[in-house]
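What the coordinates show
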Amino acid sequence: MSDLTYKVIVGLEIHVQLKTNTKIFCGCELAFGAEPNTHVCPVCIGMPGVMPVMNKKAYEYSVLAALALNCNIPAFTKWDRKSYYYPDLPKNYQISQYDLPMSENGFIDIPIEGGETKRIRIIRAHLEEDAGKNTHTLGNFSAIDLNRTGTPLLEIVTEPDLSSGTEVRALAIELQRIVRYIGVSHADMQKGHMRFEPNVNLHITKDGKVYETPISEIKNLNSFRALERSVNYEVRRQLDDFMESGRTMEMGNKKTFGWDDVNERTVLQREKEEAHDYRYFPEPDLVPIEIDDDWLTEIRSRLCELPLEKQKRFVDEYKLSDYDAGVITAEKSTADLFDDAVKAGGTPKRICNLLTQVGGKLANEAGCSIAELGLDAESLAKLAKMVDSSEISATASMTIFEEMVKTQKDPEAIAKEKNLIQSSDSGEIEAMVDEVIAANQKAVDEVTAGGKKSKKAMGFLLGQVMQKSKGQANPKIISEILNEKFPQD
Amino acid sequence: MLNELLNFTCKQLRDKIAGGSVKSVDATGAVLDQIEKLDPDIGAYISTCREQALETARSIDKKIANGEPVGALAGVPIAVKDNMCTSFGATTCASKILQNFKSPYDAYVIDKLTGADAVIVGKCNMDEFAMGSSTENSGIQQTANPWDITRVPGGSSGGSTAAVAARMCFGALGSDTGGSIRQPASFCGVVGLKPTYGRVSRFGLVAYGSSLDQIGPVTRDVADSALLLNVISGRDERDSTCVSKDIAGDCDYLAEIDKPVDGLRIGIVSEFNKGADADVQKAIVAAIDVYKQLGAEIIEIEMPHFEYAIAAYYVIATAEASSNLARYDGVHFGHRTSAPKDYVEVYSKSRAEGFGSEVKRRIMLGTFVLSSGYYDAYYLRALKVRNLIRGDFTNAFAKTDCIMMPVSPTTAFKKGEKTADPLQMYLADVYTIAANLAGIPGISIPCGFDASDLPIGLQILSDVFTEDKLLRIARMFEAKTDFHTKTPTVIA
């Protein structure tokens, strides 16, 4: 088998729930986790005689997302009915877009190893209504909750440009960042705001010949972990299957799988691709949408610097590591706070550390975002400057940060209140150093003896001085004085 | 003896009620008595709402007694086709599948009628889901033509037109997808108007062919048609295809109804007439002569794509219907079969039991034409024909004010006469269908009688959003003739 090589080919179908206030074709509020069938009206449950009316915001959000994904926005787009019978679909057709989607031909750059990016092409993104939810916990009966019916969804279809589970995961995370940055989706995976369906197969080269394995579609994945693992699992399974059976792709042998999160394996749902005939035709109850340059320009003006650009700029301009830049740009509000604090004069690395370490911990405890802790950029910059100028210690800065969150007070005021200002009065410090030297002959001997133990003893002396000063002496100055007293070779 | 109150038109009655000389409760009572007397033979109503109607009538009388302002249809008893959702009673679409359907909301037109202080007396029979031309496809009951109860009233709004003709209401609403207001109006000797597509909101009209359906008035004369159109037209935010005032204009159709159209140019296609029965041909020719005498210029026009209208219609309408009617599945809406053996049978048996054969035929036809591999050959081609027909009308209206032709090639036929051959029934829609495909308004007005004393209708078509002119043209004829004042045998 040494002559066998393979390439992983993955394309994605992604559903992103848009965060409009109301549903796509009626005035019902979008609500997650509400009592079943309490956010419904005659329109979204498709009662006889009702008609849909388009939610303009849903369209604008979808255009904004498509622009962020570098798609073309055609001037004319229309709605189509997609017919299939299913209990969670009240009209037995879904209003979607077929041959003239609201956007097409885009791409998304995803971060890969070593600060590099890879471009994944997007075939199209279109707008459609979500269906309801079936539950099967009532014995002989199934229950249908139609609260979700009519939720606006953006369906994004990529080219099969992805070549590993890691890349698939990277795309998902990047897409989540993007839609959150531009404010069109909460993109909360656990709430099903983003659902992924990878199509996976392998191009296997064996004895100089290329074989394509049958495509597997994995349905409805809504965690990054499941997404990555299911793709990896399919790669292994298809490889095994090919070695065993030599099966290759043919018309109609695409299979549909689910993901068993407990046993970490894909589970076959449909052996053969059913001959789906959705009988698409133009939705006669809705008028087509024509978008003119003014409208498009207006929507475009709502775009912001996208996460990957921001991340790169933080690396280039602020000299953050790619890792730090990635962490700080995970959420736009944090990235903006960081950016503003740097512009207000704080050192980038210092602010980044404060935000990601203390801020991250506090936000996690409070269950909010770092920006929601309520710190302003000015105070943050001031705090960072105080550390940089040795007015306070790095440890003290963390305490002050926490206090700032609690009280919204000025960092300097807190530092004074809590006696955290470091003393840089060298006379005062020298007196303390002398006291410590007099009291610790053993350590002094070790220092003067030089060698291995000397460094440790120096540290001990420094610690003693710090203790004496109740932590308020500037350790840099203590070091300088100690070094003067015991010159090292 | 006919209660003389029943001879008033809507407009006359409204003015009398508003003026205090007639009580709405008396007019409503007269209508309800007439229904009680005649409807066992006619079968125009699927349901009536006696108590509610009388109560509404009394409250309007009270308003008037108190000197409060009242609406344009104050106290006038009106009937509506049973495919318009009402928050009272059932909305059946004359289908077994919806026999017990109670709408939680009112259709836009119902809101408009009640807003104008009309008294809704009941809901009229129709072909099931408005599919048919004789009302014989009703899954609930049969309706007779008031001029000869052995004959059909036409369809699909046959209940509405029979009710108006038999004085069982003062006016009614019907819906017209391929001629369903105009053809039964012609068979029943009343005035039926199909407004421009988008003139009247379809919100709450149970859909058949969504791109063709339009609600319109059925009345005894043209002025009433204008009055009802005044009430039911207008922009409705809930119907995206309902056109805004900037495009459709906003006018009082009644204000200038008696003003003749100067220099009227009438388009005709001579060969069209030849397809109709001799009596119909004669009546149409005579009607056009009336216009000639009024100084109209007759212009021969060409409608080269007219002959493809029926084919295009039965592709588009059935395609839309197959999708619109998918929700009646026993799971979401409508009749549910009693003992399904599995989940698929809930769907298949509920639908098999609930739908009548014509509805099934059209669902199958529509499903077929939308199927993968057939879409381009049928649906897409039908849309192209539709555009060509629109073009034919555009060209015609560039040199004419209106086009005149028969409504139907025949007068009312015998019950059962055509049921065995659905295709023959489809072909009878030849004159009415093109207006729906093009979205233009059309009206049917009484213009004569055949040898059996059955009414004949003259169809007048005009360009989109020119109902004001269309109604004035129709009124010019009505003012010179008395066909619309004749009463059917059943009430004589």
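Residues numbered from 1 in each chain as written. Chains lettered and ligands numbered in written order. Predicted model: local features only at pLDDT ≥ 70, side-chain atom pairs only at ≥ 80, totals over all residues. Heavy atoms only, no water.

Our focus in this paragraph is the overall build of chain B. Along chain B, the regular secondary structure elements total 17 helices and 11 strands. For a compact globule of 492 residues, the expected C-alpha radius of gyration is about 23 Å, and chain B comes in at 21 Å, within 12% of that figure. With respect to the principal axes defined by its C-alpha atoms, chain B has extents near 65 × 55 × 45 Å. Expressed as a percentage of its 492 residues, the buried residues of chain B come to 64%. Distance between charge centroids for chain B: 2 Å, based on 50 positive and 59 negative side chains. (Helix = DSSP H or I, 4+ residues; strand = E, 2+ residues; numbered from the N terminus. Rg over C-alpha atoms; globule rule 2.2 N^0.38 Å. Buried < 20%, exposed > 50% of the residue type's maximum accessible area, 1.4 Å probe, protein only. Lys, Arg positive; Asp, Glu negative; His and termini not counted. Charge placed at Lys NZ, Arg CZ, Asp CG, Glu CD.)

Residues and elements named next belong to chain B. It is the contact of helix α11 (residues 309-324) with helix α13 (residues 357-370), at a shortest axis distance of 7 Å, that shows an interaxial angle of 100°. It follows from the interaxial angle that α11 and α13 lie roughly perpendicular. Every residue of α13 that contacts α11 at Tyr313, Tyr314, Val315, Thr318, Ala319 and Ser322 is listed here: Arg362, Ile363, Leu365, Gly366, Thr367, Val369 and Leu370. (Axes fitted to C-alpha atoms, helices over the stretch in contact; angles between N-to-C directions. Parallel < 35°, antiparallel > 145°, perpendicular 65-115°, else oblique. Contact = heavy atoms within 4.5 Å.)

Once that is clear, we can look at the interface of chain A and chain B. Chain A puts 30 residues into the contact, and the matching count from chain B is 37 residues. Summing both sides of the interface, chain A and chain B together bury roughly 2700 Å²; the carbon and sulfur share of this comes to 60%. The largest share of the area that chain A buries against chain B comes from Pro48, Met51 and Tyr85 of chain A, three residues that together contribute 23% of it. If you look at where chain A meets chain B, you find one salt bridge. A salt bridge links Arg202 of chain B to Asp285 of chain A; the shortest N-O distance between them is 3.1 Å. Each residue belonging to the side of chain A that touches chain B can be placed in one class, and the counts come to 22 nonpolar, three polar and five charged. (Buried area = accessible area lost by both parts, 1.4 Å probe. Salt bridge = Lys/Arg side-chain N within 4 Å of Asp/Glu carboxyl O. Nonpolar A, V, L, I, M, F, W, Y, C, P; charged D, E, K, R; others polar.)

Moving on, we get to a nonpolar patch on the surface. Side chains of Tyr86 of chain A together with Tyr343 and Val344 of chain B sit close together on the surface and give an oily, nonpolar patch of about 290 Å² of accessible area. By the secondary structure assignment, Tyr343 of chain B is in helix α12 (residues 343-354). (Patch = residues over 30% accessible without salt bridge, like charges linked within 9 Å, V, L, I, M, F, W, Y side chains within 5 Å. Areas by Shrake-Rupley, 256 points an atom, 1.4 Å probe, with all protein chains shown as cover.)

Time to look at the sheet that holds strand β3 (residues 119-124) of chain B. Residue and element names in this part refer to chain B. What the 11 strands build is an open sheet, ordered β1-β3-β2-β4-β6-β5-β10-β11-β9-β7-β8; its pairing is mixed. Either end of the sheet is taken by a strand with one partner, and the two such strands are β1 (45-48) and β8 (297-300). Each strand axis lies, on average, 30° off the axis of its neighbour in the sheet, ignoring direction. Both strand β2 (residues 77-81) and strand β4 (residues 171-176) contribute to a ladder of three bridges, which runs parallel. Note that in β4 the partner of Ile78 across the bridge is Gly171. Packing of helix α2 (residues 24-42) onto the sheet brings it into contact with β1, β2 and β3, and relative to β3 it is tilted by some 20°. (Pairing = 2+ DSSP bridges.)

This brings us to the nonpolar core. Formed by 171 residues in total, the largest nonpolar core has its most connected members in Phe129, Tyr291, Phe393 and Ile460 of chain B. When residues of this core are assigned to their parent elements, the largest contribution, 10 residues, is made by α11 of chain B. Residues in contact with Ile460 of chain B, not counting those within four places in the same chain, are Tyr291, Cys402, Ile403, Met404, Pro441, Gly442, Ile443, Ile445, Leu470, Ile473 and Ala474 of chain B. Counting 68 residues, the second-largest nonpolar core is a separate cluster that includes Val16, Trp79, Ile120 and Met194 of chain A. (Core = buried A, V, L, I, M, F, W, Y, C linked by side-chain atoms within 4.5 Å.)

This paragraph deals with empty space enclosed by the protein. All names here are of chain A. All chains considered together, the criterion is met by four cavities of 30 Å³ or more. Estimated volume of the largest cavity: approximately 210 Å³. In terms of lining residues, the largest cavity is bounded by 26 residues, among which Val50, Met51, Pro52, Lys91 and Tyr93 are the most central. Residue composition of the lining of the largest cavity, by class: 14 nonpolar, five polar and seven charged. (1 Å grid on protein atoms, 1.4 Å probe; cavity = no way out; pocket = protein on both sides within 12 Å on 5 of 7 lines; lining within 4 Å. Points joined across faces, edges and corners; volume = space filled by probe spheres on them.)

On to the domain arrangement of chain A, then. Residue and element names in this part refer to chain A. Each domain of chain A was delimited in the assignment, giving domain 1 (4-295), domain 2 (307-417) and domain 3 (426-485). In this complex, domain 1 contributes eight residues to the contact, which on the side of domain 2 involves 12 residues. Interface of domain 1 and domain 2: buried area, both sides summed, is about 830 Å²; carbon and sulfur atoms make up 62% of it. Linking domain 1 with domain 2 are three residue pairs in polar contact (both at pLDDT 80 or more), by the criterion used here. Of all the secondary structure elements, the ones that give two or more residues to the side of domain 1 that touches domain 2 are β5 (103-111) and α2 (165-181). Sorting elements by how many residues they give to the side of domain 1 that touches domain 2 places α2 first, with four residues. In the side of domain 1 that touches domain 2, the residues fall into three nonpolar, two polar and three charged. (Domains from an automatic or database assignment. Polar contact = N/O pair within 3.5 Å; in protein donor to acceptor, adjacent residues only side chain to side chain.)

We now examine the packing of helix α10 (residues 278-293) of chain B against helix α17 (residues 467-480) of chain B. Residues and elements named next belong to chain B. Between α10 and α17, the least distance of the axes is 10 Å, while the angle of their chain directions is 95°. Between α10 and α17, the angle is such that the two are roughly perpendicular. Facing Ala287, Val290 and Tyr291 of α10, the residues of α17 in contact are Ile473, Ala474, Met476, Phe477 and Lys480. In terms of residue class, the contact of α10 with α17 is built from seven nonpolar, no polar and one charged.

The subject of this paragraph is the side chain of Lys123 of chain B. All names here are of chain B. Looking at the secondary structure, you find Lys123 in strand β3. At 3.2 Å, the side chain of Lys123 forms a polar contact with the side chain of Asp82. A polar atom in the side chain of Lys123 sits 2.7 Å from the backbone oxygen of Met84. With near-sequence residues (within four places) excluded, Lys123 lies in contact with Ala44, Tyr45, Ile46, Ser47, Val80, Lys81, Asp82, Met84, Cys85, Thr86, Ala90 and Thr91.

It is worth spelling out helix α15 (residues 475-485) of chain A at this point. Residues and elements named next belong to chain A. Along α15, the positions that sit buried rather than exposed are Ile477, Ile478, Ile481 and Leu482. Projection of α15 onto a plane perpendicular to its axis shows the buried side chains occupying an angular sector of 135°, all on one side. Structural note: α15 exposes Lys476 and Glu484 on the side pointing more than 90 degrees away from its buried face. Its buried side turned inward, α15 meets α12 (426-439) and α14 (452-468). A distance of 3.0 Å separates the backbone nitrogen of Lys476 from a side-chain oxygen at the start of α15, and that oxygen is part of Asn474. (Arc of directions from axis to C-beta.)

This part covers the layout of surface pockets. Residues and elements named next belong to chain A. Considering only enclosed or pocket space, the second largest pocket measures out at about 770 Å³ in volume. Looking at the second largest pocket, it is lined by 21 residues, and the ones nearest its centre are Arg169, Ile173, Glu174, Arg177 and Gly326. Elements supplying a minimum of two residues to the lining of the second largest pocket: α2 and α6 (322-328). Residue composition of the lining of the second largest pocket, grouped by class: eight nonpolar, five polar and eight charged.

The next point concerns the pattern of salt bridges. Scanning all chains against the criterion turns up 59 salt bridges over all chains. Its salt-bridge partner being Arg265 of chain B, residue Asp401 of chain B comes within 3.4 Å of it at the nearest N-O pair. In this pair, Asp401 of chain B is assigned in the loop between α14 (376-399) and β9 (402-406) and Arg265 of chain B in strand β7 (residues 265-268), connecting sequence segments 136 residues apart. Taken together, the salt bridges that share partners define one network made up of Glu305, Lys310, Arg313, Glu317, Lys332, Asp336, Asp339 and Lys343 of chain A.

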